[in-house]
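Results of the structural survey
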Amino acid sequence: MDAAVVRSLLRVQRPDLAGLTLVRKAHGWDNVTFRLGEDLAVRLPRRAEAVPLILHEQLYLPGIAKRSPVPVPVPVHAGRPTADFPWPWSVVPWIPGTPAADAGPADRGPAAAGLAAFLRSLHIPAGAGVPVNPVRGVPLMHRDTAVRERLRDKERYPRAAELEAVWVAACAASAWDGPAMMLHGDLHPANILLDASGSLAGVIDFGDVGAGDPAVDLAAGWLMFDAGARRRFREALGPSADKEMWTRARGWALVLSTAMVSTSDDNPRMFSVGAFGIEQVLDG
């Protein structure tokens, strides 16, 4: 995946954009992003399993954007496969801001109310056909085996017994019994953008958008914030963040944090996000 391939796609399908500067800016497990000029980006799947994620963004982001109080990367061009690149791809707006993963916990605190407002706008009943992610927004017990296997690594998790107690309590909370809600599905500090004041500037990477228990998105309260900011975040969420929802959300924070700590030895940035999340889960 290099700039020459992206440039060739643009020449064929968006020649009006093909002359803009093109710089590789980010890559994750599933996608790679090139900045295109000052105001756009090109987002492409890195592997076949990520193709549905691009298609889901193209399908569901326009509706999410209409409700969202902050910018989200609604595709301005849905790219078609070619001989050079056999999968769909997107041109999206470049949303300015600093990823919260690159800011300290104290600097992320001002985003608490804005992130809650974004989630209130996002979490509406999902329409027919919205996909259910098999590992996000599902009943917590579906993740029991994975979490317990990770916690067996006592070197990584010296307080594993305390984390197991948190996990047991989260799994014992009442299951979500409302309609399947629209979810971001991967709401962590690398996908949350801040402005210069630390307020929410945008939310990106909607590849895991889907339907299910909204507690999975509320896990950002532990991945993003210290105890004081997390309290403000919960208050701003309003009645939806009741005791059972909040307990499940803490369980989801444990799911996501252990996933990062256990699989990010080659990615110090994401390892740090997971380690902070573990610390906050233990703090309550």
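That block above? That's the structure.
Below is a short write-up of the structure.

Cut-off values and rules
- Residues numbered from 1 in each chain as written.
- Predicted model: local features only at pLDDT ≥ 70, side-chain atom pairs only at ≥ 80, totals over all residues.
- Heavy atoms only, no water.
- Helix = DSSP H or I, 4+ residues; strand = E, 2+ residues; numbered from the N terminus.
- Buried < 20%, exposed > 50% of the residue type's maximum accessible area, 1.4 Å probe, protein only.
- Pairing = 2+ DSSP bridges.
- Phe/Tyr/Trp six-rings, centres within 6.5 Å; stacked < 30°, edge-to-face > 60°.
- Lys NZ or Arg CZ within 6 Å of the ring centre and 35° of its normal.
- Salt bridge = Lys/Arg side-chain N within 4 Å of Asp/Glu carboxyl O.
- Contact = heavy atoms within 4.5 Å.
- Core = buried A, V, L, I, M, F, W, Y, C linked by side-chain atoms within 4.5 Å.

**Brief notes about unusual backbone geometry**
Non-glycine residue aspartate 205 carries a positive phi angle of around 55°. Mapped onto the secondary structure, aspartate 205 falls in the loop between β9 (200–203) and β10 (210–212).

**Some thoughts on the pairing of strand β3 (residues 40–45)**
β3 sits mainly inside the fold: six of its six residues count as buried. Examined bridge by bridge, strand β2 (residues 31–36) and β3 share six bridges and lie antiparallel to one another. The partner of asparagine 31 across the bridge, within β3, is proline 45. Where β2 hands over to β3, the hairpin turn is made up of three residues, of which glycine 37 adopts a positive phi near 65°. Across four bridges, the pairing between β3 and strand β5 (residues 89–93) is antiparallel. Directly across from valine 42, in β5, lies its bridge partner valine 91.

**A look at the packing of aromatic side chains**
One pass over the structure, following the stated rule, counts five aromatic pairs. For the pair phenylalanine 118 and phenylalanine 206, a centre-to-centre distance of 6.3 Å together with 75° between the ring planes defines the contact as edge-to-face. Within this pair, whereas phenylalanine 118 is found in helix α4 (residues 112–122), its partner phenylalanine 206 is found in the loop between β9 and β10, the two being separated by 88 residues in sequence. An identical accessibility class is assigned to phenylalanine 118 and phenylalanine 206; each is buried. Look at phenylalanine 233 and tryptophan 246: their rings are 6.3 Å apart centre to centre, the planes differ by 45°, and that puts the pair in the tilted class. Residue phenylalanine 233 is located in helix α9 (residues 227–237), and its partner tryptophan 246 is located in helix α10 (residues 243–263); the two are separated by 13 residues in the primary sequence. For the pair phenylalanine 233 and tryptophan 246, one class covers both residues: buried. One aromatic cluster is present, formed by Trp222, Phe225, Phe233 and Trp246 through successive ring pairs. The positively charged end of arginine 108 is found above the aromatic ring belonging to phenylalanine 276, 4.9 Å away from the centroid.

**Some words on the pattern of salt bridges**
Applying the stated rule across the entire model yields 15 salt bridges. Across the pair arginine 269 and aspartate 102 runs a salt bridge, and its minimum N-O distance is 2.9 Å. Highlighted residues: arginine 269 in helix α11 (residues 268–283) and aspartate 102 in the loop between β6 (98–99) and α3 (105–108), separated in sequence by 167 residues. Among the salt bridges present, the one from aspartate 213 reaches arginine 248, with a minimum N-O distance of 2.7 Å. In this pair, aspartate 213 sits in the loop between β10 and α7 (215–218) while arginine 248 sits in helix α10, placing the two residues 35 residues apart along the sequence. According to the relative accessible area criterion, aspartate 213 is buried, its value standing at 5%. Taken together, the shared-partner salt bridges in this structure form one network comprising Asp30, Arg47 and Glu49.

**So, the sheet that holds strand β8 (residues 192–194)**
The strand order β6-β8-β9 describes an open sheet built from three strands, whose pairing is antiparallel. Of all the strands in the sheet, just β6 and β9 have a single pairing partner and so form its edges. Note that β6 and β8 share two bridges and pair antiparallel. Residue threonine 98 lies in a different strand from β8, and its bridge partner there is leucine 194.

**A closer look at the environment of valine 32**
With respect to the secondary-structure elements, valine 32 resides in strand β2. Taking relative accessible area as the criterion, valine 32 reaches 0% and is therefore assigned buried. In sequence terms valine 32 and isoleucine 54 are 22 residues apart; their C-alpha atoms lie 11 Å from each other. What valine 32 contacts, discounting residues up to four positions off in sequence, is Met1, Arg24, Ala26, His27, Val42, Arg43, Leu44 and Arg46.

**Some points on the nonpolar core**
Ranked by internal contacts, the top residues of the largest apolar core, which has 61 residues, are Leu115, Phe118 and Phe233. Counting residues per element, this core draws most heavily on α10, which supplies nine residues. Val6, Leu10, Val32 and Val42 belong to the second largest nonpolar core, which has 15 residues in total.

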